[in-house]
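Descriptive structure summary
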Amino acid sequence: MNDIHTYQKIASQVRRDILRMVTGAGSGHPGGSMSSADILTALYFKELNVAPESWNRAGTGHDMFFLSIGHVSPLFYSVLARRGFFPVSELGTFRVYGSRLQGHPSIEAGLPGVHQASGSLGQGLSVAIGAALSKRLAGDKSRVFVLIGDGESQEGQIWEAAAAAVHHKVDNLIAMTDWNHQQIDGTTEEVQSLGDLTLKWNAFGWECIVANGHDFNSIFEAFGRADSLLGGGRPVMILFETEMGHGVDFMAGTCEWHGKSPSKEQCERGLAQLEETLGDY
Amino acid sequence: MKKYINTGNKDTRSGFGAGLSHLGAINPKVVALCADLTGSVKMDAFAKAHPERFFQCGIAEANMMGMAAGLAIGGYIPFAGTFANFAAGRVYDQIRQVVCYSETNVKIAASHAGITLGEDGATHQILEDIGLMRMLPNMVVINPCDYNQTKAATIAAAAWQGPVYLRFGRPGVPNFTPEDQVLEIGKALHLNEGSDVTVIATGHLVWEAIQAAEILATEGISVDLIDIHTIKPLDGETVISSAVKTGRVVCAEEHLMAGGLGEAVAGLLAREHPVPMRFVAVNDRFGQSGKPAQLLSAYGLDAAHIVAAVKEITGA
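Here is what the cut-offs are and how they apply
- Residues numbered from 1 in each chain as written.
- Chains lettered and ligands numbered in written order.
- Predicted model: local features only at pLDDT ≥ 70, side-chain atom pairs only at ≥ 80, totals over all residues.
- Helix = DSSP H or I, 4+ residues; strand = E, 2+ residues; numbered from the N terminus.
- Rg over C-alpha atoms; globule rule 2.2 N^0.38 Å.
- Buried ≥ 20, exposed ≤ 12 C-beta atoms within 10 Å, placed from the backbone.
- Contact = placed C-beta atoms within 7 Å.
- Domains from an automatic or database assignment.
- Nonpolar A, V, L, I, M, F, W, Y, C, P; charged D, E, K, R; others polar.
- Pairing = 2+ DSSP bridges.
- Axes fitted to C-alpha atoms, helices over the stretch in contact; angles between N-to-C directions.
- pLDDT = per-residue confidence, 0-100.

1. Looking at the overall build of chain B
When its secondary structure is counted, chain B shows twelve helices and 14 strands. Computed over its C-alpha atoms, the radius of gyration of chain B comes to 19 Å, within 12% of the 20 Å expected for a compact globule of 316 residues. Principal-axis analysis of the C-alpha atoms gives chain B an extent of 60 × 35 × 35 Å. Buried residues in chain B amount to 63% of all 316 residues. In chain B, the proportion of contacts linking residues at least 24 apart, taken out of those at least 6 apart, comes to 81%.

In structure tokens form, the structure reads like this:
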């Protein structure tokens, strides 16, 4: 395992980007971006076999990542920029008229690293299954990853896709759930309880791994185990236990910051808790 | 009036099936998905010939559209097939986000469209799909008129880069366009040169319009007759030049008046060359069970109603 501290430092910068982007735009979704930040940092800076210079939308010859929860775009954009898919300075155009960094990821806007538009929930897992099947047809041994949300898992299409992936033995797919237990109107338990997601995914026939989505050791261990299960005839789900708003004290563990931008003062308070490691954009 | 020969009734969905089988044999990138209606949508021959390229999706249309988009991103040309009601209305947001807005090369094969689906009744007789689909940016909408044209449209759809909504039907209808024709998307067919009135028809109503034009010819009314298989992009040049020539336009379609071919033509002519128009279409109501021919008559869509609309607009 590489030096965990390296990834913690990247994630700290990514969280600073998220805060500054959302504050700068005056809108956006910091809560879920913070809860998924360590997962996507680990994915893009170690696990995902993709280089910005050879990235192509068809995913030919490299791993693909699909973001189903399009509202965590600040996180997605920060990680892509910090990984070299486009200039970090462009993060300052988030949600601005004419920007490639649309409120939710877009194909039309032409941002490198984006395979598919997302924003309307419940759809990314299905698309990832199709992409994984295209790799199987083409004999391309690279993998497909997709990140969904726990609130998003209230959508019926997620469970249509869950059944389809097992039926078609899609075993080059690693799905991940950001299980932060929060959504717009409250906790997932209050809004519409999800029950035990582990039992559900297992019952659908998936390989299911539970990990701590804020502990890089746990995240990398889960990736390693998921990879070892590929090719076994079943799709893999990693349920990452996370905390919404993780990393900023006043945002943590509440749905209040799902889709709200901080004031300038609040942003400063948050930034004071996050080390600037790679230089702000 | 130019003579058209019915070489025998055939269903347009079988034209789609023939086109898909042809594509399967010549293009390894063509794949197919179906939501538990493989026989009805005539995808069974493709599924049998290319099991590795056929994906049964079960009764889960939303997921099917997503899977089709993913296959398209990966470089394949997916045809996703089901009844038009489930291929358009049920999955509108999926088509909007993962097909049209994401510019994925998905072909939606929408069978059993319109009221001629017949006995199953209104839950399955979608009359809104042309409107729903033509509103979406990046979407091409094709509604071919017979077996041969549907086969040609299927082949043309695969060659087109981008989303296509291909609409066809259940019942056997006269097959009269040339076998092995090449269909040019966005190019209407001039079926008859006439001078008194323009009749623009699509889908199953093209044959009704031919019959109407024959009746009208015997009464001395000359019909400029256009088969407009592609509703979007609309062949503006053909529509406008005909309207300029005749000064009156009747549109005929197995669809609601709202959102369909008639409104597309009216919108174009209102901007470019306004002329009086009449609309042979269903007016703000749902269908019901019955035989296809009986329903076409009861809902005002058959040759007799096209004749009546022409007489009304020409004052004959």
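2. Description of the domain arrangement of chain B
Residues and elements named next belong to chain B. We note that the domain assignment places domain 1 (9-174) and domain 2 (189-311) within chain B. Between domain 1 and domain 2, the C-alpha centre-to-centre distance is 25 Å. Of all the elements in the fold, those that place two or more residues in the side of domain 1 that touches domain 2 are α6 (129-134), β6 (140-142), α7 (147-159) and β8 (172-174). Its residues assigned to classes, the side of domain 1 that touches domain 2 shows 14 nonpolar, nine polar and four charged.

3. A few points about the sheet that holds β6(B)
Residues and elements named next belong to chain B. Pairing is mixed across the open sheet formed by seven strands, whose spatial order is β3-β2-β4-β5-β7-β6-β12. Each edge of the open sheet is held by one strand with a lone partner, namely β3 (54-56) and β12 (230-232). The average angle at which neighbouring strand axes cross in this sheet is 20°, direction not considered.

4. Quick look at the confidence of the model for chain B
Looking at chain B, the pLDDT average stands at 98 and 100% of residues meet or exceed 70. Prediction confidence for the complex, expressed as pTM and ipTM, is 0.97 and 0.97 respectively.

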